[in-house]
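Structure assessment
Listed below are the residues making up each chain.
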Amino acid sequence: MAIEMLGLILAGGQGTRLGKLTKDVAKPAVPFGGRYRIIDFALSNCANSNVKNVGVITQYQPLTLNAHIGNGAPWGLNGINSSVTILQPYSSQEGSKWFEGTSHAVYQNISYIDQQNPEYVLILSGDHIYKMDYEAMLESHKEREASLTVSVMEVPLEEASRFGIMNTDDNDRIIEFEEKPKEPKSNLASMGIYIFNWKRLREVLVNGYSKGNPMEDFGGDVIPAYIEAGENVFAYRFKGYWKDVGTIDSLHQSSMEFLDLNNELNITDKSWRIYSHNDISAPQFIIEKLKVKNALVGDGCYVDGTVIHSILSQNVHVQEGTTIEDSFIMSGTFIGENVTIKNVIIGENAKIGDNVEIIGEDEVAVIGHGEIKGENKMNNSNKMAAILSNVSSSKNLKPLTDVRPIATLPFDCKYRLIDFPLSSLSNAHVDNIFMTFNEGETQSVFDHLGSGGEWGLDGFNSRYFVYIQQDFDRLKELGKDYFAQQLNFLRKSKAPYTVLLGSKFICNVDLTAVLKIHKLAGKEITTVYKKVSPDLASEYDTILRFDETGKMSNCYVNQLEDPQEREALCLNLFIVNTDWLINFIKEMQDLGELASIARLIRVYMKNYDVNTYEYTGYMSNITNIKSFYDANMVMLDPQNFTSLLYSSQPVYTKIKNEVPTYFR
């Protein structure tokens, strides 16, 4: 079916002038404004201009960009008569298809364009910040019976030599094109936005390549050829905010301009929204006594410092005593205590240690994506692996658990139960997780976890593994090594410590603090408990008892004849020395004790010298329908809600579009 106009976004640029910020991502995928990526502006302009079919031409480092665009849903490009298509270089019988220029990239995708069968093609750059109505430009193109329309804007004449300049007659017909002239004749700069009649552009490109006159670039080849051939080439004058954020200085300047509510870009205009693919994050938390002024703060941020005239993207953590001024902090960044940051851009998932000073004096200072500055590194002596068991009995939670494990039950409108142990692990920088689930219960798990990116499990050295409990049971029946996969995981993790935990307890445990106590105690096992009323423990839960010195003396399945007013409920959470755990598993194998490792530790830990850690935060024990209902209802109490979700330990969950909050 023919369409009127097809959008083509050129998004393959490397953006070398952005240095560290484009080392691993294409320039159009660089974050902007606290919740966007640069390409969102071109995509949103298409959506708002009723350009419903868009091809995105990528080349350099496309993974982040591809994941961000996905199926185009945030921009409404996933409907019956709308689409977004990622167009990457490929090889064919004719050989390599790497793109050698802007128009060459279009030429290499002629088959895709022909399938769409457009009357016009709209060529866009994916790395500019602006709002523009392409429908109005198309109307101008049609009224003038143009073969090519070039969007231009007036720039100061002294800056015109930085741009491709269009010289026009009195009717805005383009009579000459000059690429970055030393002595410009006009100040009409090309914005890299073109509307072509497709049949004519196709003919020019095909003829050029077939006759050995390749049309590699629009500015250097195609536009001059059109003018020379006497085609109707017109300028379309754009008036509004437009910024090429191709340098560190321009990206920083545009970010600071974004903080001005009177900025010509007017991001709050509901009639012309800028859409994006964004994370679901917990609400931001700003410590009451601290100062946040003229700043944008994204969801999931925890701020215990001073933020002035700056942008904090989603899930940025700012610790006590830190000051941030005139800076753009990208998502997932952790900033330690007593840090000073001024005139800086910090890339995604960077880590800034305590007592660090980063000040851009003569120029904007830059910290790259994932870069670590200062002493607050997670060294190998603190490294932990994790075994997350999700095979708890769920018979008392049916029908809610007919086709899903307890782990993926929804909680408090936006979370799943598994988000809490995963977030505790993520906050402790645990990046290798071995998970077990019951057979037939994993579909909802994979739907929710996806790549694991929300919990930092999609990196080069971070991952999660899912195994089916019944597969281990079948190994037992066959007389094979029941624990082979677990032992292999532990050895390959090279982590001195291992966390074992489950998903039925809703709590927000600081595993870094537990590890610190574990190391100070110098024992093989540390178990976490909470003192509760006995009626909050199920018949399958484990209760700890202590002697007069406070040392754990015994543990029991909750069938005590002499319950105390407050019992120490084991939260099925352990930190153990990995070498000890490997030997313990081998011992269990020799004894024929083949079951969940956490369950075996609960049974046998009374035989060891065990260290304990008391958790004092919010906790719910999900054992039946009533406990699940009550756990959700008590979140209506601000004290419970704050204790669980507004701690210094953020709770992460599956992504969602949300808008940052502006603080005057």
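Now for a quick tour of the structure. (Residues numbered from 1 in each chain as written. Predicted model: local features only at pLDDT ≥ 70, side-chain atom pairs only at ≥ 80, totals over all residues. Heavy atoms only, no water.)

**Structural notes on the overall build of the protein**
This is how it is decided: The way it works is that DSSP assigns letters per residue, a run of H or I at least four long becomes a helix, a run of E at least two long becomes a strand, and they are numbered from the N terminus. Each residue's exposure class comes from its accessible area (1.4 Å probe, protein chains only) as a fraction of the maximum for that residue type: buried when under 20%, exposed when over 50%, partly exposed otherwise. Here the Shrake-Rupley method, with its probe set to 1.4 Å, supplies the accessible areas, and only the displayed protein chains count as covering residues. Charge assignment: positive for Lys and Arg, negative for Asp and Glu; neither His nor the chain ends contribute. Charged groups are reduced to one reference atom each: NZ for lysine, CZ for arginine, CG for aspartic acid, CD for glutamic acid.
Counting secondary structure elements, the protein contains 17 helices and 43 strands. With 664 residues in all, the protein has 55% of them scored as buried. Working note: accessible area of the protein is about 29,400 Å², and carbon and sulfur atoms make up 46% of it. Here the protein holds 62 positive side-chain charges and 84 negative ones, and the gap between their average locations is 4 Å.

**So, the nonpolar core**
What counts here: Here, the term nonpolar core denotes a set of buried Ala, Val, Leu, Ile, Met, Phe, Trp, Tyr and Cys residues that are joined through side-chain atoms within 4.5 Å. Throughout, a contact is declared for two residues whenever any of their heavy atoms are within 4.5 Å.
Counting 62 residues, the largest nonpolar core has Ile9, Leu43, Val54, Val56, Tyr134, Ile193 and Leu251 as its most contacted members. Among the elements that make up this core, the one with the highest residue count is helix α1 (residues 39–48) (six residues). When neighbours within four sequence positions are excluded, Ile193 is seen to be in contact with Leu122, Ile123, Leu124, Tyr130, Met132, Tyr134, Met137, Thr149, Val150 and Ser151. Grouped together as the second largest cluster of nonpolar side chains are 38 residues, Leu422, Leu425, Leu501 and Val528 included.

**Digging into the environment of Ala598**
The topology assignment puts Ala598 in helix α15 (residues 597–604). Relative accessible area serves as the criterion here: at 8%, Ala598 is assigned to the buried category. When the C-alpha positions of Ala598 and Val499 are compared, they lie 9.7 Å apart, and in sequence the two are 99 residues distant. If we skip the residues at most four places from it in the chain, Ala598 touches Leu500 and Phe574.

**Describing the sheet that holds strand β18 (residues 306–308)**
Note the threshold: Here the rule is simple: two strands pair whenever DSSP picks up at least two bridges between them.
Ordered by their spatial adjacency, five strands build an open sheet running β15-β18-β21-β24-β27, and the pairing between neighbours is parallel. Edge positions in the sheet fall to β15 (292–293) and β27 (357–359), since each of these pairs with one other strand and no more. Sheet analysis places strand β21 (residues 323–325) next to strand β24 (residues 340–342), joined by three bridges and oriented parallel. In the sheet register, Glu325 faces β24, and the bridge partner there is Lys342.

**Regarding helix α9 (residues 419–427)**
A large share of α9 lies buried, amounting to nine of its nine residues. Along α9, the positions that sit buried rather than exposed are Asp419, Phe420, Pro421, Leu422, Ser423, Ser424, Leu425, Ser426 and Asn427. Downstream of α9 by one or two residues, His429 has phi in the positive range, about 65 degrees.

**Re the pattern of salt bridges**
Just so we agree on the cut-off: Any Lys or Arg side-chain nitrogen found within 4 Å of a carboxyl oxygen on Asp or Glu counts as a salt bridge.
Scanning the entire structure with this criterion turns up 22 salt bridges. A salt bridge links Glu159 to Arg162, with the shortest nitrogen-to-oxygen separation between them at 3.5 Å. For Glu203, the salt bridge is made with Arg200, and the minimal N-O distance between the two is 3.1 Å. With a gap of three residues between them, Glu203 and Arg200 both fall in helix α6 (residues 198–210), about one helical turn apart. The network of salt bridges with common partners includes Glu4, Glu139 and Lys142.

**Regarding the pairing of strand β30 (residues 384–390)**
Among the seven residues of β30, seven are classified as buried, and the element is accordingly described as predominantly covered. The two faces of β30 match: Met384, Ala386, Leu388 and Asn390 on one face and Ala385, Ile387 and Ser389 on the other face are all buried. Here six bridges tie β30 to strand β35 (residues 497–502), and the two strands are oriented parallel to one another. Looking at the pairing, Leu388 lines up with Leu501 of β35. Here five bridges tie β30 to strand β33 (residues 432–437), and the two strands are oriented parallel to one another. Its bridge partner lying in β33, Leu388 is registered against Met435.

**Regarding a nonpolar patch on the surface**
For clarity, the threshold we go by: Surface patches are drawn from residues lacking salt bridges whose relative accessible area is over 30%; two like charges belong together within 9 Å, two nonpolar side chains (Val, Leu, Ile, Met, Phe, Trp, Tyr) within 5 Å.
A cluster of nonpolar residues, Tyr629, Met633 and Leu636, forms a patch on the protein surface that exposes about 350 Å² of accessible area. Looking at the secondary structure, you find Tyr629 in helix α16 (residues 625–633).

**Structural notes on the packing of helix α14 (residues 578–591) against α15**
How we decide: With axes taken as lines fitted to C-alpha atoms, and helix axes fitted only over the stretch in contact, angles between N-to-C directions fall between 0 and 180 degrees. To sort the angles, those under 35 degrees are grouped as roughly parallel, those over 145 as roughly antiparallel, those from 65 to 115 as roughly perpendicular, and the leftovers as oblique. Only Asp, Glu, Lys and Arg are considered charged in this grouping, and only Ala, Val, Leu, Ile, Met, Phe, Trp, Tyr, Cys and Pro are considered nonpolar; every other residue, Gly among them, is considered polar.
Direction vectors running N to C along α14 and α15 enclose 85 degrees, while the axes themselves pass 11 Å from each other. Here α14 lies roughly perpendicular to α15, going by the angle between them. For the pair α14 and α15, the contacting residues are Trp580, Leu581, Phe584, Ile585 and Met588 in the first and Ile597, Leu600, Ile601 and Tyr604 in the second. Its residues placed into classes, the contact of α14 with α15 shows nine nonpolar, no polar and no charged.

**Looking at the side chain of Ser503**
Using the following cut-off: Here a polar contact means two N or O atoms within 3.5 Å. Within protein one must be a hydrogen donor candidate and the other an acceptor candidate, and residues neighboring in sequence count only if both atoms are side-chain atoms.
Within the element layout of this structure, Ser503 appears in the loop between β35 and β36 (505–507). What makes Ser503 buried here is its relative accessible area of 4%. Of the polar contacts made by the side chain of Ser503, one reaches the side chain of Asn390; its length is 2.5 Å. Not counting residues within four places of it along the chain, the set of residues in contact with Ser503 comprises Leu388, Ser389, Asn390, Ala407, Leu417, Ile418 and Pro421.

**Regarding the packing of aromatic side chains**
Put simply, the rule is: Side-chain rings of Phe, Tyr and Trp (the six-membered ring for Trp) are treated as a pair once their centres are within 6.5 Å; stacked means planes under 30 degrees apart, edge-to-face means over 60, and tilted covers the remaining angles.
Applying the stated rule across the entire model yields 23 aromatic pairs. Taking 5.7 Å as the distance between ring centres and 80 degrees as the angle between the ring planes, the aromatic pair formed by Phe32 and Phe41 counts as edge-to-face. Using a relative accessible area of 0% as the deciding quantity, one classes Phe32 as buried. Of the residues examined, Phe41 reaches a relative accessible area of 0% and is grouped as buried. Taken together, a centroid distance of 5.8 Å and an interplanar angle of 55 degrees make the contact between Tyr415 and Phe420 tilted. Using a relative accessible area of 1% as the deciding quantity, one classes Phe420 as buried. Taken together through their ring pairs, the aromatic side chains of Phe434, Phe465, Tyr467, Phe472, Tyr482, Phe483 and Phe489 make up a single cluster.

**What about the environment of Ser313?**
Locating Ser313 in the fold gives a position in the loop between β19 (311–312) and β20 (317–318). When its relative accessible area of 3% is taken as the criterion, Ser313 is described as buried. Ser313 sits 258 residues away from Leu571 along the chain, and the two C-alpha atoms are 34 Å apart. Excluding anything up to four places from it in sequence, Ser313 contacts Gly34, Gly298, Cys301, Phe328, Ile329, Met330 and Ser331.

**Regarding the environment of Phe574**
Looking at the secondary structure, you find Phe574 in strand β40 (residues 567–577). Remark: the alpha-carbon pair of Phe574 and Ile359, spanning 215 residues in sequence, is separated by 42 Å. For Phe574, the contacting residues outside a window of four places in its chain are Thr498, Val499, Leu500, Ile525, Thr526, Thr527, Ala598, Ile601, Arg602 and Met605.

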